[in-house]
Amino acid sequence: MARWCYRHRLVVLLLWLGALFGLGAASSAAGTNYANVFSLPNTDSTTAYDLMEKAFPERAGDTGTVVWEVDGDGGASVRDESVRSRIEPALEEIGRMKGVGEVTDPYAAQGAAQISRDGRIAYAQITFTEQANAVPKELIEDVVDTAQAAERDGLQVELGGQAIARTQEPPQGTAEAVGILAASVVLFLAFGSLFAMLLPIVVALAGVGTGLIGTMLLSHVTDVPEVAPLLGSLIGLGVGIDYALFIVTRHRRGILRGMKPEESAVTALNTSGRAVLFAGGTVCIALAGMLVMNMRFLDGVVVATSLTVVLSVLAAITLLPALLGLLGMRVLSRRQRRRLAATGPEPEEASGLAARWSAYVQKSPRRLAALAVVVMAVLAIPVLSLRLGATDQGNHQESTTTRQAYDLLAEGFGPGFNGPLQVVVEGDAPAGLVDGIRATEGVAQVAAVPPANGVTVIQVVPTTSPQSEQTDRLIDRLRDDVIPQSGAEAHVGGVTAVFKDFASVTGDRLPYFVATIIALGFLLLMVAFRSLVVPLTAALMNLIAAAASFGVLVAIFQWGWGTELIGVGKEGPITSFLPVIMLSLLFGLSMDYQVFLVSRMHEEWVHTKDNARAVRVGLAETSRVINSAALIMICVFSAFVLSGDMEGAMAGIGLAAAVALDAFILRTALVPAAMHLLGTSNWWLPDWLEKRLPHLAVEPKEEAVAPAAEEEPAEAGRASVVHGYVRTADGEPVDGAAVTLLTKGGRQVDRVTSLADGSYIVSVPAPGAYLLATTAPSYGSRAGQVVVTEGPLVHDVELAEGEVDAAPRGGGVN
């Protein structure tokens, strides 16, 4: 397929453009129909909500609040004529606007309760004819402008409500644009080429664009929450850029090593492209694990995020090879093209900082592992105080009108006024119930609404804020003690109760969810790498990364360490559904990095059966691209602080922290250190299990290239390797030594350059006798015969300064 896309690149481009414009036209005509369905089956708050819908079916529109305060100096009151003459005309004008259903006026006969006891603060409620996401933004802006035009010295007017909050959102796409800009900088520094930089960006935008448009259309046939497109674009940009980065990096490496562009692209898709397919599948499986929670709200999130990931993978394996075909050699920078023309292909071995770090990890695995564990444990400490709940407008930035309105209502009518509870009774409420609620500790106000459609609603205002633990305990007292003692069949509802139930259900089901995605990830890695220890290590690392990232999340958003500084408002509980979404994304992304890291190690292990070398080479050759990919994801995720959505900011910061810790501490230090310590047991799998497991190849099998027939060693057989170290007489590694394997007839079979730790590995096409020649600029040369049988041969070479030795030395049979 990669070759077909490469050769028919214009057709592929037209198909993608047609899909984008076609879906875009369809979504423009259909619009969106997002629905925040927070109710949970078989919970008390859901039962209360259903009864309230039965009692008040006409209250379908969103409600906003206009709050005003007069300066208390001099005994001023909101009842003063100078205040009424400014506020009342504004409210009347708002009431006449198309799309506004009703405005409750505190100056009306029934509005006395809407003025605070000290007379300094009052509010009016605006009921729109539509839900918040369907109210035209122009109408909301007109309401805000009209209300705030009544301000004067000594009179402050603020507005609150879900619809009003939409006026404070930054322009749509701001977070995505900033994330893409930051990712572009990282890509340009990594590639040094404008065209190569643009490839992952274009591929990610194609995947995310089609995914978001598809999500808009799906919102008409299933419940998709408003936060789903944000989360879809967040994960889609991250994985889309990363997947394209892995493939483009492999393609560029192939060209630099002498392959033609078409063959390099096909090879890149047949190797890294397979890993991308596997990684994308693991992300979708991790996301699908959210279905275990049995929460309708999360079903729409699964649909949106999984669709975006699938389309990002599709773009990477179809659109990307077409774009590679258009660019040809221009995927390399001009400097790289000039160097390739002047000096020829570069050696295949990794070198530089990555190789030196890999060698250091091999030398000090215990020290690095201990240090990494300590760092992760310290960062995980805050997770012990994790409290799930809901954010509201009290968590907005202090400068916003919604936060100001929230604080004014809390000041004038009590902290619990922003989150009233509803005790709902089918039929008439017994007097004992109302009296019992009024006498309950933590209750500030109680008001029973006359029965409607056979349902009575008792409005309960707590003494504490909606996010307070005391409010949660009040809900428990009402449900467990007060209502049962009254003998009534009543249910506690309201937004605060809904989110409390959501947090409770999440906490109860979270262990099953974690067990499910860990088990699925374990099985996938076990099948892919034919090992029990590798997937067990990956599962443990995922849990460590999750604990540390949630520790960072708690410290910032729950403890308030820098919330105002980074512009995300006031501290509060962690949103109830966030752990489920974050864990799904985190486990999926961690699996990506584990696959790319361990697949190279596994390939080396299959060839050499040398665990130390497999881990060292695997880390040296993948750490740079993994770290670059992680840096891009960190940029994309962190940019979602600018989304204007608290849940989006939480998810962005949490995932950015998780990716940073996973890539720079776990995959770069702790995982390879642990694998060095575990030795060959990394690759242990019982024979009986090996026979029963299906075969799933992450990397394609490499075909051995046999030497010419006249030079073939006498003993025919399968391919193998010779590997070892090039060192001085003092045991110091020799970096950059040229190691050449020759047949008896003098034909070169393979040629490599030793790494920073002196290690080398040359491929042997078949068993037999060969000549191994080693040269280094300051150490002379050494040559010797090596005899290779069925397995890999370990052969160390010792070089002395100025020595030339063509005699056989150090060969052996393995």
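For the structure, see preceding data.
Anyway, here's the lowdown on the structure attached to this text. Per-chain numbering applies: the sequence of each chain, read as written, is numbered from 1 onward. Residue-level local features of this predicted model are given only where pLDDT is at least 70; pairs of side-chain atoms are given and counted only at 80 or more, and the full residue set underlies all totals for whole chains, interfaces and linings. Hydrogens and waters are ignored; side-chain quantities use all the structure's heavy atoms.

**Considering the environment of Thr129**
Our working definition: Labels follow the DSSP assignment, with helices taken as runs of H or I lasting at least four residues and strands as runs of E lasting at least two, numbered in each case from the N terminus. The buried label goes to any residue with under 20% of its type's maximum accessible area, the exposed label to any with over 50%, and the partly exposed label to all in between, with areas taken from a 1.4 Å probe on protein chains only.
Secondary-structure assignment places Thr129 in the loop between strand S3 (121-128) and helix H5 (137-148). A relative accessible area of 48% means that Thr129 is categorised as partly exposed. Placed 29 residues apart in sequence, Thr129 and Val100 show a C-alpha to C-alpha distance of 5.8 Å.

**A closer look at the packing of helix H10 (residues 261-288) against helix H18 (residues 495-529)**
Applied cut-off: A fitted line through C-alpha atoms serves as each axis, taken over the contacting stretch for helices, and the angle formed by two N-to-C directions is quoted from 0 to 180°. Under this scheme an angle from 65 to 115 degrees is roughly perpendicular, one under 35 degrees roughly parallel, and one over 145 degrees roughly antiparallel; angles in between are oblique. Crossing handedness is read from the near helix: turned anticlockwise from the far helix by less than a right angle, it gives a left-handed crossing, and turned clockwise, a right-handed one. The criterion used for residue contact is that any of the two residues' heavy atoms lie within 4.5 Å. All amino acids are sorted into three groups, where Ala, Val, Leu, Ile, Met, Phe, Trp, Tyr, Cys and Pro are nonpolar, Asp, Glu, Lys and Arg are charged, and the leftover types, Gly among them, are polar.
Packing of H10 against H18 brings their axes to within 10 Å, and their N-to-C directions diverge by 160 degrees. Taken together, the axis directions place H10 and H18 in an arrangement best described as roughly antiparallel. Considering how the two elements wind past one another, H10 and H18 form a crossing that is right-handed. Each of Phe278, Thr282, Ile285 and Ala286 in H10 lies in contact with H18, whose residues at this interface are Phe513, Ile517, Leu520, Leu524, Leu525 and Ala528. Looking at the contact of H10 with H18 residue by residue, the classes come out as 9 nonpolar, 1 polar and no charged.

**A few points about unusual backbone geometry**
We note that Asn453 has phi near 55 degrees; this positive angle belongs to a residue other than glycine. Position of Asn453 among the secondary structure elements: in the loop between strand S7 (443-452) and strand S8 (455-462). A positive phi angle, near 50 degrees, is found at Arg530, a position not held by glycine. Here Arg530 is to be found in the loop between H18 and helix H19 (533-558).

**Focus on the side chain of Arg616**
Relative to the helices and strands, Arg616 is located in helix H21 (residues 611-638). Assessed through its relative accessible area of 2%, Arg616 is described here as buried. Apart from residues no more than four positions distant in its own chain, Arg616 is found in contact with Ser358, Ala359, Gln362, His676, Tyr725, Asp757 and Ser759.

**Structural notes on the sheet that holds strand S6 (residues 421-426)**
Operational definition: Only strands that DSSP links by at least two bridges are regarded as paired with each other.
Reading across the sheet, the 4 strands line up as S7-S8-S6-S9 and stay open at both edges, with antiparallel pairing between neighbours. With one partner strand each, in any of the chains shown, S7 and strand S9 (490-493) form the two edges of the open sheet. Mean inter-strand twist for the sheet, computed between neighbouring axes without regard to direction, equals 20 degrees. As judged from the 4 bridges shared by S6 and S9, these two strands associate in the antiparallel manner. Bridge pairing links Val424 to His491 in S9. Packing against the sheet, helix H17 (residues 469-486) makes contact with S6, S7, S8 and S9, and its axis sits at approximately 175 degrees to S9.

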